[in-house]
Amino acid sequence: MKGDNGKIARRGFVKGLVGTAAATTLAGCGKTEPPTYGNILRMGDLLTYKAHRLIVPEHALAREYDLADISAHPAIGTTNPADPEKGGRHPEYAPEYAGYLKEAFGNYGLRIDGLVERPGMYSLANLKRMPSRTQITRHTCEEGWSAIAQWTGVPLRSVLEAAGIKPNARYVQFYAFDGWADGIDMIDALHPQTILAYGMNGRDLPVPHGAPIRLRVERQVVYKNMKFLRSVVVTEEFDDHGEWGNLQNGWSWYVGV
Ligand SMILES: Nc1nc2c(c(=O)[nH]1)N[C@H]1C(S)=C(S)[C@@H](COP(=O)(O)O)O[C@H]1N2
Ligand SMILES: [Mo]
């Protein structure tokens, strides 16, 4: 897998540079902003985050395209979490995913947890009954390719509001069936184009593209668009997700596009 090889290569590179600075600064870190780990490469994360937040108004919309602009769209990274050959980094979730796959996701529910009044499983049928948003957007991969597709889903904001966002909420973390874990801040979480997508180009989201639900967060680089969502957790603290996160692979937490 192209994406995975790239990650491993960058991981070695970054690990070499971080050294002991990371160990000493981690303990004292306030955890309410993306940390730098005392690492010059990681400082870019905080700078990019702050700069992008300054120049891009909170509710500015990413560009949307026309049906005629829709292009071919390769499936990258994990293409089936139930199949170890197709990228599952979290084999203990493979049987669970296989169980949903067998029922064409009729038995699937998205777990919503953390700082919400009503945690629990939100069934796909219920999520589909909520008001939806459809957007045609460009998917920009860190590997240098891009593609345009139409995405349909429920705004994350509506789902979080239905679950009842507690006042101290600052981040939303996402966990996937293949082991991916990542997070976004509340500004991106409440943005109108941030959707839990269950449709692509007018059909159900295909398995290789992240069925039954993937995140679309349109103002960041595409690896934030997590496929195969298993759960969503609202937190007050920043979380780099350790070995399951992308940060330790040398990927920045915040990359505005
Ligand atoms: N769970 C999960 N989400 C993921 C990935 C992955 O491997 N697993 N790959 C990321 C990367 S690097 C890209 S470019 C896009 C690929 O989405 P696509 O397969 O629909 O093109 O998903 C992102 N989200
Ligand atoms: Mo990517």
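**Details of the pairing of strand E6 (residues 181-185)**
Logical step 1: With respect to burial, E6 is a largely interior element, five of its five residues being buried.
Logical step 2: Residues Ala-181, Gly-183 and Asp-185 point to one face of E6 and Asp-182 and Ile-184 to the other, with burial holding for every one of them.
Logical step 3: Connecting strand E5 (residues 171-176) to the antiparallel partner E6 that follows it, the hairpin turn spans four residues, and Gly-179 within it adopts a positive phi of roughly 100°.

**Overview of the packing of aromatic side chains**
Logical step 1: This structure, assessed with the given rule, holds seven aromatic pairs.
Logical step 2: An aromatic cluster of at least three residues, connected via ring pairs, comprises Tyr-97, Tyr-100, Phe-105, Tyr-108, Phe-177 and Phe-228.
Logical step 3: If you follow Arg-230 out to its NZ or CZ, it ends over the ring of Tyr-93, 3.9 Å from the centre.

**Notes on the environment of Gln-193**
Logical step 1: Assignment of secondary structure puts Gln-193 in the loop between helix H6 (186-189) and strand E7 (195-200).
Logical step 2: In this structure, the C-alpha to C-alpha distance between Gln-193 and Ala-62, residues 131 residues apart in sequence, is 7.7 Å.
Logical step 3: Once residues lying within four places of it in the same chain are set aside, the contact partners of Gln-193 are Leu-61, Ala-62, Glu-64, Arg-133, Gln-135, Arg-216 and Glu-218.
Logical step 4: A distance of 2.7 Å separates a polar atom in the side chain of Gln-193 from a polar atom in the side chain of Glu-64.

**Considerations on helix H5 (residues 156-163)**
Logical step 1: Among all positions in H5, only Leu-156, Val-159, Leu-160 and Ala-163 are buried. Along the axis of H5, the buried positions cluster into a sector of 95°, meaning they face one direction only.

**Examining the pattern of salt bridges**
Logical step 1: Under the defined criterion, the tally for this structure stands at seven salt bridges.
Logical step 2: A salt bridge links Asp-182 to Lys-224; its shortest N-O distance comes to 3.0 Å. Pair noted here: Asp-182 is in strand E6 and Lys-224 is in the loop between strand E9 (214-216) and strand E10 (229-235), with a separation of 42 residues, a long-range link.
Logical step 3: The exposure class of Lys-224 is buried, given its relative accessible area of 3%.
Logical step 4: Two residues, Asp-188 and Arg-219, come together in a salt bridge whose shortest N-O distance is 3.4 Å. With Asp-188 in helix H6 and Arg-219 in the loop between E9 and E10, the pair connects residues that are 31 residues apart, well separated along the chain. The two residues Asp-188 and Arg-219 agree in class, both being buried.

**So, the sheet that holds strand E2 (residues 120-123)**
Logical step 1: Read from one edge of the open sheet, five strands run E2-E1-E10-E5-E6, paired in mixed fashion. Where the open sheet ends on each side, the last strands, each with one partner, are E2 and E6. In this sheet, adjacent strand axes meet at a mean angle of 25° when their direction is disregarded.
Logical step 2: In the sheet, strand E1 (residues 109-114) pairs with E2 via four bridges, with the strands oriented antiparallel. Residue pairing in the sheet places Gly-109 in a bridge with Ser-123 of E2.
Logical step 3: Contacts from H5 reach E1, E2, E5, E6 and E10, with the element oriented near 105° to E5.

**Brief notes about the confidence of the model for the protein**
Logical step 1: When pLDDT is averaged along the protein, the result is 83; 81% of the residues meet or exceed 70.
Logical step 2: Residue range residues 1-30 is modelled with pLDDT below 50. Its contacts to residues more than four positions away, or to other chains, number 31 contacts.

**A closer look at the site of ligand 1**
Logical step 1: Looking at ligand 1, there are 23 residues lining it, with Pro-74, Asp-178, His-209, Arg-214 and Lys-227 nearest.
Logical step 2: His-73 is positioned such that a nitrogen or oxygen atom in its side chain is 3.5 Å from an oxygen atom of ligand 1.
Logical step 3: At 3.1 Å, a backbone N or O of Asn-225 approaches a nitrogen atom of ligand 1.
Logical step 4: Across the complex, the protein chains shield 99% of the 530 Å² of accessible surface that ligand 1 would expose by itself.
Logical step 5: The residue inventory of the shell around ligand 1, partitioned by class, reads 13 nonpolar, six polar and four charged.

**Re the pairing of E10**
Logical step 1: Along E10, six of the seven residues are buried, which leaves the element largely enclosed by surrounding structure.
Logical step 2: Pairing of E1 with E10, which is carried by four bridges, proceeds in the parallel orientation. Bridge pairing links Asp-113 to Val-233 in E10.

Rules behind the numbers
Residues numbered from 1 in each chain as written. Chains lettered and ligands numbered in written order. Predicted model: local features only at pLDDT ≥ 70, side-chain atom pairs only at ≥ 80, totals over all residues. Heavy atoms only, no water. Buried < 20%, exposed > 50% of the residue type's maximum accessible area, 1.4 Å probe, protein only. Helix = DSSP H or I, 4+ residues; strand = E, 2+ residues; numbered from the N terminus. Pairing = 2+ DSSP bridges. Phe/Tyr/Trp six-rings, centres within 6.5 Å; stacked < 30°, edge-to-face > 60°. Lys NZ or Arg CZ within 6 Å of the ring centre and 35° of its normal. Contact = heavy atoms within 4.5 Å. Polar contact = N/O pair within 3.5 Å; in protein donor to acceptor, adjacent residues only side chain to side chain. Arc of directions from axis to C-beta. Salt bridge = Lys/Arg side-chain N within 4 Å of Asp/Glu carboxyl O. Axes fitted to C-alpha atoms, helices over the stretch in contact; angles between N-to-C directions. pLDDT = per-residue confidence, 0-100. Near = heavy atom within 4 Å. Areas by Shrake-Rupley, 256 points an atom, 1.4 Å probe, with all protein chains shown as cover. Nonpolar A, V, L, I, M, F, W, Y, C, P; charged D, E, K, R; others polar.

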